[in-house]
Amino acid sequence: MTIQAVRLNHAVLFVADLERSIAFYEAAFGTEIVAREPRANAAFLRMPRSGNHHDLGLFGVGAQPPRGRGAIGLYHLAWQVDTIDDLEQARATLSDLDAYTGESSHGATKSVYGQDPDGNEFEVMWMVPKQSWGEFANAAPVDRLDLAAEVDQWRGVRTAAELVPLDAR
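A few points on the structure. None of the values given here were measured: they were computed from a predicted structure.

Further remarks concern the overall build of the protein chain. Per the secondary structure count, the protein chain includes three helices and eight strands. When the helices and strands of the protein chain are listed from N to C terminus, the series reads β-α-β-β-β-β-α-β-β-β-α. By the compact-globule yardstick of 15 Å for 169 residues, the protein chain fits well, its C-alpha radius of gyration being 17 Å. Overall size of the protein chain, expressed as C-alpha extent along the three principal axes, is 50 × 45 × 40 Å. Taking all 169 residues of the protein chain together, the buried fraction comes to 38%. Here the contacts in the protein chain between residues at least 6 apart in sequence split such that 57% fall between residues at least 24 apart. For the protein chain, the exposed surface amounts to about 10,300 Å²; the carbon and sulfur share of it is 53%. The positive charge centre, built from 15 side chains, and the negative charge centre, built from 24, are 3 Å apart in the protein chain.

Pasting the structure below:
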């Protein structure tokens, strides 16, 4: 029998400088610190609209040589946004933080990419409404993203169905 998981609950990263990483994730995603564990030099962060206890754990381990791209281990994390407009804002935010590394269309999802101060890569993605997946229901191409055209087509369409309501902030 398989494990009956329903989604990834949180991610935990080893980082060189805990305070630098906290500041980055606060600036990039608006996270808040929900807990600290000084004995482990750790902090646990929550996204502003998350109903989760924490979405990201950070453990400061001190400076180490960066792991090479393509080395065995985690490639990236993907954070989902609710609207294509949110994705457009994510690209601007990552650019402002000098953390933007690229973008692509995967058919059913549209993505921008960035990296944190330790070089941990991440994706910010928006999912096309499921009824519009069409030929991409069982495909994941890596194509050029025309974000302006996607915004024109999908502006205001919400697809992250299980978010904490906006008025609960």
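That covers the picture; the talk isn't over yet.
Before going further, it helps to examine the sheet that holds strand β6 (residues 100-105). Reading across from one edge, β5-β8-β7-β6 is the order of the four strands in this open sheet, with mixed pairing throughout. The sheet terminates laterally at β5 (76-80) and β6, the two strands that pair on one side only. Direction aside, the axes of adjacent strands within the sheet are offset by 20 degrees on average. With five bridges joining them, β5 and strand β8 (residues 121-127) adopt parallel strand pairing. By the bridge assignment, His76 is partnered in β8 with Glu121. Packed on one face of the sheet, helix α1 (residues 18-29) meets β5, β7 (109-115) and β8 and runs near 20 degrees to β8. Packing against the sheet, helix α2 (residues 84-96) makes contact with β6, β7 and β8, and its axis sits at approximately 20 degrees to β7.

The next thing to look at is the nonpolar core. In terms of nonpolar packing, the biggest core is built from 33 residues, with Tyr25, Phe29, Leu56, Leu58, Leu87, Phe122 and Val124 touching the most fellow members. Among the elements of the structure, β1 (11-15), α1, β3 (42-46), β4 (56-60), β5, α2, β8 and α3 (147-154) are those that each provide at least two residues to this core. The biggest single contributor to this core is α1, with six residues. Those residues within four positions of Leu87 in sequence are excluded, and the remaining contacts are Val81, Lys110, Ser111, Val112, Val124, Met125, Trp126 and Leu147.

For an α-helix the count is 3.6 residues per turn, leaving residues at separations of three or four pointing the same way. Given a rise of 1.5 Å per residue, 13 residues ought to cover 18 Å, and the 19 Å separating the end C-alpha atoms of α2 matches this to within 8%. In this structure, the buried side of α2 is in contact with α1, β6, β7, β8 and α3. Following α2 by one or two positions, Asp98 has its phi on the positive side, about 55 degrees.

Before going further, it helps to spend a moment on the pairing of strand β2 (residues 32-37). Sheet analysis places β2 next to β3, joined by five bridges and oriented antiparallel. What sits directly across from Glu32, in β3, is Arg46. With antiparallel pairing between neighbouring strands as the criterion, β2 and β3 make up a hairpin whose turn holds four residues, including Asn41 at a positive phi of roughly 50 degrees.

This brings us to the pattern of salt bridges. Applying the stated criterion to the full structure yields ten salt bridges. Across the salt bridge formed by Arg155 and Asp85, the nearest N and O atoms sit 3.1 Å from each other. You can see Arg155 sitting in the segment after α3 and its partner Asp85 sitting in helix α2, a full 70 residues away along the chain. A relative accessible area of 52% means that Arg155 is categorised as exposed. Residue classification places Asp85 among the partly exposed positions, given a relative accessible area of 21%. The partner of Glu103 in a salt bridge is Arg91, with the nearest N and O atoms 2.8 Å apart. Of the two residues, Glu103 sits in strand β6 while Arg91 sits in helix α2, which places them twelve residues apart along the sequence. Overall, Arg91 belongs to the partly exposed group, its relative accessible area being 27%. Overlapping salt bridges, with partners in common, bring together Arg49, Asp82 and Arg158 in one network.

Conventions used here
- Residues numbered from 1 in each chain as written.
- Predicted model: local features only at pLDDT ≥ 70, side-chain atom pairs only at ≥ 80, totals over all residues.
- Heavy atoms only, no water.
- Helix = DSSP H or I, 4+ residues; strand = E, 2+ residues; numbered from the N terminus.
- Rg over C-alpha atoms; globule rule 2.2 N^0.38 Å.
- Buried < 20%, exposed > 50% of the residue type's maximum accessible area, 1.4 Å probe, protein only.
- Contact = heavy atoms within 4.5 Å.
- Areas by Shrake-Rupley, 256 points an atom, 1.4 Å probe, with all protein chains shown as cover.
- Lys, Arg positive; Asp, Glu negative; His and termini not counted.
- Charge placed at Lys NZ, Arg CZ, Asp CG, Glu CD.
- Pairing = 2+ DSSP bridges.
- Axes fitted to C-alpha atoms, helices over the stretch in contact; angles between N-to-C directions.
- Core = buried A, V, L, I, M, F, W, Y, C linked by side-chain atoms within 4.5 Å.
- Expected span 1.5 Å × (residues − 1).
- Salt bridge = Lys/Arg side-chain N within 4 Å of Asp/Glu carboxyl O.

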